[in-house]
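Here is how the chains run, residue by residue.
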Amino acid sequence: MDVYEAVDSRRAVRAFSDEPVSKELLERALAAAARAPSSGNLQPWHVYVVTGEPLAELKRRATARALTRDPGDEREYPMYPAELTSPYVDRFSAAAAQRYNALGIQRDDPDRPMKIAALNSEAFGAPVVLFCYLDRRMGPGQWGDAGMYLQTVMLQLRAEGVHSCPQVMWTMYRKTVSRIVGADDGLVLFCGVAVGFEKEGVPRLRTGRADITETVSFIGV
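Residues numbered from 1 in each chain as written. Predicted model: local features only at pLDDT ≥ 70, side-chain atom pairs only at ≥ 80, totals over all residues. Heavy atoms only, no water.

Caption draft 1: Main features of the overall build of the chain. On a plain count of helices and strands, the chain comes out with 8 helices and 4 strands. A compact globule built from 221 residues should have a C-alpha radius of gyration of about 17 Å, and the chain, at 18 Å, falls within 12% of that. Principal axes of the C-alpha set define a box for the chain whose edges measure 55 × 40 × 35 Å. The buried share of the chain, reckoned over its 221 residues, is 40%. In the chain, of all internal contacts separated by at least 6 residues, the share reaching a separation of at least 24 is 86%. (Helix = DSSP H or I, 4+ residues; strand = E, 2+ residues; numbered from the N terminus. Rg over C-alpha atoms; globule rule 2.2 N^0.38 Å. Buried < 20%, exposed > 50% of the residue type's maximum accessible area, 1.4 Å probe, protein only. Contact = heavy atoms within 4.5 Å.)

Given below as structure tokens:
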């Protein structure tokens, strides 16, 4: 598929089949994504590709924590600003409502946080999860580089016919993840990315996007 089709078809899939994703496919996508831009060509990311029994064990440990309402490990970076204002909070609320509805979790369900955490800790059934780390000495510029890299990875996966779902949730269980992948203390977990083929027969969620007039200004055109 061309790049426009890859961008348009990329979405956060939250229901994967158990069909395996070959190592060869993953290697092709990750090797191609290495061409993503990075300031000074630092390429500050390090990715652990976890599948098979190690991933099954990680899911078991993380899900056990989720089901006991474990609040998770102390965050090493904020997922969102402390106070979101309009229009950001409006976009967040609208997307959250769509997401919970698609997952069959009512907004007023007292067990909602636990149910959401448990679904995330199972990586929505994905047979592969990529864990992206950065050296702790890296700054905001390199975090931006990592974002561009992961977007490139996800687009390469779409070109291979595979879907994905970025999951910052894994930072809540970063100690559990580090024990499985063997990441040393000099690395900080940016996020996980669930990877696999979409499960058939489940509701498909496609969140809206702000109109280009809200986010883009043309100067001199």
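Caption draft 2: Structural context of the sheet that holds strand 4 (residues 187–196). Pairing is antiparallel across the open sheet formed by 4 strands, whose spatial order is 1-2-4-3. The two strands at the open ends of the sheet, each matched to only one other strand, are strand 1 (45–51) and strand 3 (163–167). Taken pair by pair, the neighbouring strands of this sheet meet at an average axis angle of 25 degrees, ignoring direction. Relative to strand 2 (residues 128–135), strand 1 runs antiparallel, the two being bridged by 7 bridges. Residue Val 49 lies in a different strand from strand 2, and its bridge partner there is Leu 130. (Pairing = 2+ DSSP bridges. Axes fitted to C-alpha atoms, helices over the stretch in contact; angles between N-to-C directions.)

Caption draft 3: A look at helix 7 (residues 174–181). Taken together, the buried positions of helix 7 are Arg 174, Thr 176, Val 177 and Val 181. Burial along helix 7 is one-sided: seen end-on, the buried residues are contained in an arc of 160 degrees. Buried positions along helix 7 lie against strand 1, helix 3 (52–67), strand 2 and strand 4. Looking one or two places after helix 7, you find Gly 182, whose phi comes out positive at around 80 degrees. (Arc of directions from axis to C-beta.)

Caption draft 4: Fine view of the side chain of Arg 65. Its place among the elements puts Arg 65 in helix 3. With residues near it in sequence (within four places) discarded, Arg 65 still touches Asp 70, Gly 72, Asp 73, Met 172, Tyr 173 and Thr 176.

Caption draft 5: Representation of the pairing of strand 2 in the model. Taken across its 8 residues, strand 2 has 7 buried, putting it largely inside the fold. One ladder, built from 8 bridges, connects strand 2 with strand 4; its direction is antiparallel. Across the sheet, Tyr 133 pairs through a bridge with Leu 189, a residue of strand 4.

Caption draft 6: Geometry of the state of the cysteines. Under the definition given, this model contains 0 disulfides. Between Cys 132, a free cysteine, and Cys 191, which holds the nearest cysteine sulfur, the sulfur-to-sulfur gap is 6.0 Å. Exposure remark for Cys 132: the relative accessible area of 1% places this residue in the buried category. No disulfide involves Cys 165; its sulfur sits 9.8 Å from the nearest other cysteine sulfur, which is in Cys 191. Owing to a relative accessible area of 1%, Cys 165 belongs among the buried residues under this scheme. (Disulfide = S-S within 2.5 Å.)

Caption draft 7: Examining empty space enclosed by the protein more closely. As enumerated under the stated definition, the model contains 1 cavity of 30 Å³ or more in all. Size it by volume and the largest cavity reaches roughly 40 Å³. Lining of the largest cavity is provided by Arg 75, Glu 76, Tyr 77, Thr 171, Arg 174 and Leu 189. Partitioned by chemical class, the residues of the lining of the largest cavity number 2 nonpolar, 1 polar and 3 charged. (1 Å grid on protein atoms, 1.4 Å probe; cavity = no way out; pocket = protein on both sides within 12 Å on 5 of 7 lines; lining within 4 Å. Points joined across faces, edges and corners; volume = space filled by probe spheres on them. Nonpolar A, V, L, I, M, F, W, Y, C, P; charged D, E, K, R; others polar.)

Distances and angles like these do not, on their own, reveal function.
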